[in-house]
Amino acid sequence: MSTGNSTNPKQSVVPRRTPFAFLRPSHAHTAASATILLTLSALLSRVIGLIRDQYIAWRFGAGHATDAYNVAFYLPEWINYLLVGGAASITFVTILDRYRAQDNEAEGERALSIILNTMTIVLGMAILLAEIFTPLFTRIYFDPASPEGLLCTRITRILLPAQLFFFSGGVLASVLLVRKQFSFQAIAPLIYNLGIIFGGVLLASRMGIASLGVGALVGAVAGPFLLNAWGAHRAGLRYRPILDLKHPGLREWVRLSLPLMLGVTIITLDNQILGYFAKHGAGDISRLNYAKRLFTAPMAIIGQAAGAASLPFFASLFGQGRREDFNRSVNRSVSRLIGFSLLGSAVMLALALPAVDLIFRRGSFHAADASSTAHYFAIFAVSLALWTAQAIYARAFYAAGETFLPMLAGTIITVITIPIYWGLHQSFGVLGLAWASNFAILVHTATLAILLHRRRLVALNGLDHPELIRAALAAAISFVGTTLLLRFLPSAQTYRDDILALVVGGAAWAALTLATLRITGSHLLQQLRSRI
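Predicted model only: the values in this text are computed from it and were never measured.

J.: Run through the overall build of the protein, naming residues and quoting values.
T.: Secondary structure summary: the protein contains 22 helices and zero strands in total. With 532 residues in all, the protein has 55% of them scored as buried. Sequence separation of 24 or more characterises 84% of the internal contacts of the protein that already satisfy a separation of 6 or more. As displayed, the protein offers around 23600 Å² of accessible surface, 66% of which is attributable to carbon and sulfur atoms.

J.: Outline the packing of helix α18 (residues 404-428) against helix α19 (residues 430-454), supporting the account with residue identities and numerical values.
T.: Each pair of packed helices can be summarised by the angle the axes make with each other and by the distance between the axes. Their axes nearest at 8 Å, the elements α18 and α19 cross at an angle of 155°. As the angle between them shows, α18 and α19 are arranged roughly antiparallel. Helix-helix and strand crossings are classified by hand; for α18 and α19 the assignment is right-handed. Among the residues forming the contact of α18 with α19, the class breakdown is 18 nonpolar, seven polar and no charged.

J.: Tell me about the layout of surface pockets, and please be specific about residues and values.
T.: It is a probe the size of a water molecule, rolled over the atoms, that shows where empty space is left. The calculated volume of the second largest pocket comes to roughly 400 Å³. Only α14 (323-350), α15 (352-360), α16 (367-381), α20 (465-486) and α21 (495-520) provide two or more residues apiece to the lining of the second largest pocket. The greatest single-element share of the lining of the second largest pocket, amounting to four residues, is contributed by α16. Looking at the lining of the second largest pocket residue by residue, the class counts come to twelve nonpolar, five polar and three charged.

J.: Please set out helix α17 (residues 384-399) residue by residue, giving values where relevant.
T.: Counted at 1.5 Å a residue, the expected span for α17 with its 16 residues is 22 Å, and the 23 Å between its end C-alpha atoms agrees. With 15 of its 16 residues buried, α17 lies for the most part within the structure. Just downstream of α17, Gly401 is the residue with a positive phi angle, here 75°.

The rules we used
Residues numbered from 1 in each chain as written. Predicted model: local features only at pLDDT ≥ 70, side-chain atom pairs only at ≥ 80, totals over all residues. Heavy atoms only, no water. Helix = DSSP H or I, 4+ residues; strand = E, 2+ residues; numbered from the N terminus. Buried < 20%, exposed > 50% of the residue type's maximum accessible area, 1.4 Å probe, protein only. Contact = heavy atoms within 4.5 Å. Areas by Shrake-Rupley, 256 points an atom, 1.4 Å probe, with all protein chains shown as cover. Axes fitted to C-alpha atoms, helices over the stretch in contact; angles between N-to-C directions. Parallel < 35°, antiparallel > 145°, perpendicular 65-115°, else oblique. Left-handed = near helix turned anticlockwise from the far one by under 90°. Nonpolar A, V, L, I, M, F, W, Y, C, P; charged D, E, K, R; others polar. 1 Å grid on protein atoms, 1.4 Å probe; cavity = no way out; pocket = protein on both sides within 12 Å on 5 of 7 lines; lining within 4 Å. Points joined across faces, edges and corners; volume = space filled by probe spheres on them. Expected span 1.5 Å × (residues − 1).

What follows is the structure, encoded as structure tokens:
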């Protein structure tokens, strides 16, 4: 005999949540959990990338060969940016999110297949032409007949096909992003970096530095493409080998992506501009690249991970017409990231020399190389907050379906800042190039913020100015205190002294930062704890 309050045991069972549930590939993330996952991924990816750079510095140093290797990436990146805007998943997320909101995912899959097939043909033809005419591009940086010119051409031709797999992987990743699934996106860059390392370790004795290019190609196939293809298949995507140039989805993608294809920004061209002006000094391109890649580690951890995680959520808010929530969400993200970036800049500036010396000085990379790289790294560190803020501002535009205005502004800024690169290089050498990079990103970030304000998308007065002042004060106090303390420690470039400086300086920075944040009543630490 049953009673009125009896329950079905099966209905009362609630799946137990585990602390690591957000690591499951099928887990649907919140903005906070996605940021945590991508931050962890960025951290691990940068550790692997650091090992990669250490291996390159140890094995090949900083000279003509490494300059040729770094320049070899420029043409493939150009092909990617010019033909697909370098942002396949960004534009697809906006399109697929609309189809999903209309409960018409089948048509979204059809649009995805058509766009993927069309652009595979276009990109494949472009890569074939680029393979033929690579020496013409090499001529911009080296004499094509010189040893470094020949090496650059060889590595470039190895790297060019990878762009096809990056594009296809980005398209397939969008299927997962609209479902708020970020695990595959988190793992893909790890596989790519491991591919470069294994390529060098396994093939360097036979192919020299060109082995790194082979590793990059294999990593692009295995990580960004195959991993996302598997994830998209698990999510239910059904690919179709069809073409339809009149499909509205293709036309919308072209409308959103065309500005990204035609426009250029300092974000995409900064390394190429630096390399062009630094090409006359043997190893200058490599030392700048080592500094920039080391700088991009905290930039990716603080800014790019949050930016990538925020895009689907920004797009959802905007698509639902929740403009005020959209405004608050963007400003909250920017305020938080600028605050953490200011603190990061302080420790990077104070510990630049021991960090660079400990990481890179070994094998063919000498003490003089480490000192020069540390100076460049310290200058780049000043602009950390600008790079992280622009990542959010740019995605706010993309989420709103606007690509033309930011790209037009970016193109104009790039054109007007190139003379700044030239002038500062003429006056201050390679150090001037690093400062020119900072000036360019300052103009770019400020312009994006002003344009968002004028378009009434994101209000400038919505930033948490009191919190930013507290963070700036903590950054200034921790930087000055740490720098003064390091003056009492041995300054010789030895590994023991480097470790001592990093341990003591890092502890001093942390103590001064925490004390200042607590005294001033900052909420940054509480915000960090709440996310974790």
